[in-house]
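One letter stands for each residue in the lines below.
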Amino acid sequence: MPTVAFHTLGCKVNHYETEGIWRMFMEKGYERVDFDHDSDVYVINTCTVTNSGDKKSRQVIRRAIRKNPNAVVCVTGCYAQTSPGEIMEIPGVDVVVGTQERKNIFTYIEKHQETKEPVNGVSNIMKNRVFEEMDVPVFTDRTRASLKIQEGCNNFCTFCIIPWSRGLLRSRDPENVIQQAEKLVEAGYKELVLTGIHTAGYGEDMKDYNFAMLLRELEQVEGLKRIRISSIEASQITDEVIDVLDKSEKIVRHLHIPLQAGSDTVLARMRRKYSTEFYKEKVTKIRKALPGLAITSDVIVGFPGETEEEFMETYNVIKEIGYSELHVFPFSRRTGTPAARMDNQVDEAVKENRVHRLIALSDQLAKEYASQYENEVLEVIPEERILDENHPELLVGYTDNYMKVQFEGTADMIGKIVRVKITKSGYPYNEGTFVRVMEHATHAGEKIVNQ
């Protein structure tokens, strides 16, 4: 039996697609082995969001070539899409496929085996207008399943390379989304995370269909308990979406709404197309519809030209909004983006200092948010055991409002919906005690326990 090994760099979408590529290999009779083992084929799914993503990708590619010089080394993903020439120059790389036409990987492998020449299968992504279907009905190691609903982005923010690696926005056919959701529920998953490159932009390329309509259809999927939206832009929180969230029994009370900056002048330089005022209005509106809503966000610190005043504007907006968690990134000069060429790049030491200040604020806000739930009973889906010798019975999982909770329980609870009383709130995790199981085990949970 031929073997294949995978290494995935970067975001959730990449991890999702690796599972899709693995399914294709599985159907061709391959066995999956660990990346550090000897394998006939190595597939490296690369990332290009920062320059260090490129660098890490190159390191992993070289590691595979060293491990087994006779193996077929295939490189796919975003770095492969934007810089196939660079990757082809690494001696030992055999097949390069970008972020499209993945099913052709086998044709390319065969071609390489015949000719012994490296094959470059990367084509122009900007011409692609179709979502590439990939069946991902189970995940190797998760109790939450991802469901990819769209590809690409039309925004071209000045710091971001992603439209060039993923192409323009294209939505998955709603029928296929629902079918995939049903398959995942059948496999035992209780929670689906809707994911994509610009997730809530779903339907923007369609005539008579939109994201709110898709959410309504997903609500009808029997046996599905939780729907999580991986990310939504302020501009995508339409009144129709708010109405759907308000009426839904399944969409969890957690939204990730990227802010990036809380200063209008910085937002303009980023080409983010909204003002702080607009963002705050949307947040107020959505909180009215969803009491107790947890809002998480991304912020870039030290964008070119960011003054101390602009930074403080961001700092104060974040404080005012009161996020339940914040992902803080120092600005990274991604080669090929307009922001990398801008004047007034911020000094690294200044950037570092601002990052620390924001992380301290974020920790404080996260603790404040969590403290509202002390002594409350929340529903948690345990995902795994914590490897702690002193507490062998500790499980960890997330509440619907995305609080991480540790509590004592048994392995058969993994993947179920469990009621837990929060005894001690905190950040990054809360402590709780088990109250009761809401329903029977999921296959996903059983699988994890038996591994």
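Computed from a prediction, not measured in an experiment: that's the story for all the values here. (Residues numbered from 1 in each chain as written. Predicted model: local features only at pLDDT ≥ 70, side-chain atom pairs only at ≥ 80, totals over all residues. Heavy atoms only, no water.)

Draft legend 1. Representation of the environment of Ala-212 within the structure. When you line up the elements, Ala-212 lands in helix H8 (residues 211-219). The buried category is assigned to Ala-212, whose relative accessible area is 2%. Every residue in contact with Ala-212, bar those within four places of it in the chain, is listed here: Glu-240, Val-241 and Val-244. (Helix = DSSP H or I, 4+ residues; strand = E, 2+ residues; numbered from the N terminus. Buried < 20%, exposed > 50% of the residue type's maximum accessible area, 1.4 Å probe, protein only. Contact = heavy atoms within 4.5 Å.)

Draft legend 2. How the structure looks around the pairing of strand S19 (residues 430-437). Bridge count between strand S17 (residues 404-408) and S19: 3 bridges; the pairing is parallel. Across the sheet, the residue bridging to Gln-406 is Glu-431, located in S19. Pairing of strand S18 (residues 418-424) with S19, which is carried by 6 bridges, proceeds in the antiparallel orientation. Each bridged residue has a counterpart across the sheet, and for Val-418 the counterpart in S19 is Val-437. Here S18 folds back onto S19 in antiparallel fashion, the turn holding 5 residues. (Pairing = 2+ DSSP bridges.)

Draft legend 3. Region of the structure containing the nonpolar core. The biggest cluster of nonpolar side chains holds 73 residues, and the ones touching the most others in it are Leu-147, Phe-211 and Leu-218. In contact with Phe-211, other than residues within four places in its own chain, are Ile-149, Leu-194, Thr-199, Ala-200, Tyr-202, Ile-229, Ile-232 and Val-241. Grouped together as the second largest cluster of nonpolar side chains are 21 residues, Ile-61, Ile-65, Ala-71 and Val-96 included. (Core = buried A, V, L, I, M, F, W, Y, C linked by side-chain atoms within 4.5 Å.)

Draft legend 4. Up close: the pattern of salt bridges. A complete count under the given rule lists 27 salt bridges for this structure. Here Lys-148 and Glu-17 are joined by a salt bridge, their closest N and O atoms 2.5 Å apart. Of the two residues, Lys-148 sits in strand S7 (residues 144-148) while Glu-17 sits in helix H1 (residues 12-27), which places them 131 residues apart along the sequence. Relative accessible area serves as the criterion here: at 5%, Lys-148 is assigned to the buried category. Under the relative-accessibility criterion, Glu-17 is labelled buried at 1%. For the salt bridge of Arg-58 with Glu-86, the shortest nitrogen-to-oxygen distance reads 3.5 Å. (Salt bridge = Lys/Arg side-chain N within 4 Å of Asp/Glu carboxyl O.)

Draft legend 5. Summary view of the sheet that holds strand S14 (residues 325-330). What the 3 strands build is an open sheet, ordered S12-S13-S14; its pairing is parallel. The two strands at the open ends of the sheet, each matched to only one other strand, are strand S12 (254-256) and S14. In this sheet, adjacent strand axes meet at a mean angle of 15° when their direction is disregarded. Here 3 bridges tie S12 to strand S13 (residues 294-301), and the two strands are oriented parallel to one another. Paired with His-256 across the strands is Thr-296, a residue of S13. (Axes fitted to C-alpha atoms, helices over the stretch in contact; angles between N-to-C directions.)

Draft legend 6. Expanded view of H1. Look at H1: 23 Å from first C-alpha to last across 16 residues, which is about the 22 Å you get at 1.5 Å a residue. Among the 16 residues that make up H1, 12 are buried, leaving the element largely enclosed by the rest of the structure. Downstream of H1 by a residue or two, Gly-29 has a phi angle that is positive, lying close to 90°. (Expected span 1.5 Å × (residues − 1).)

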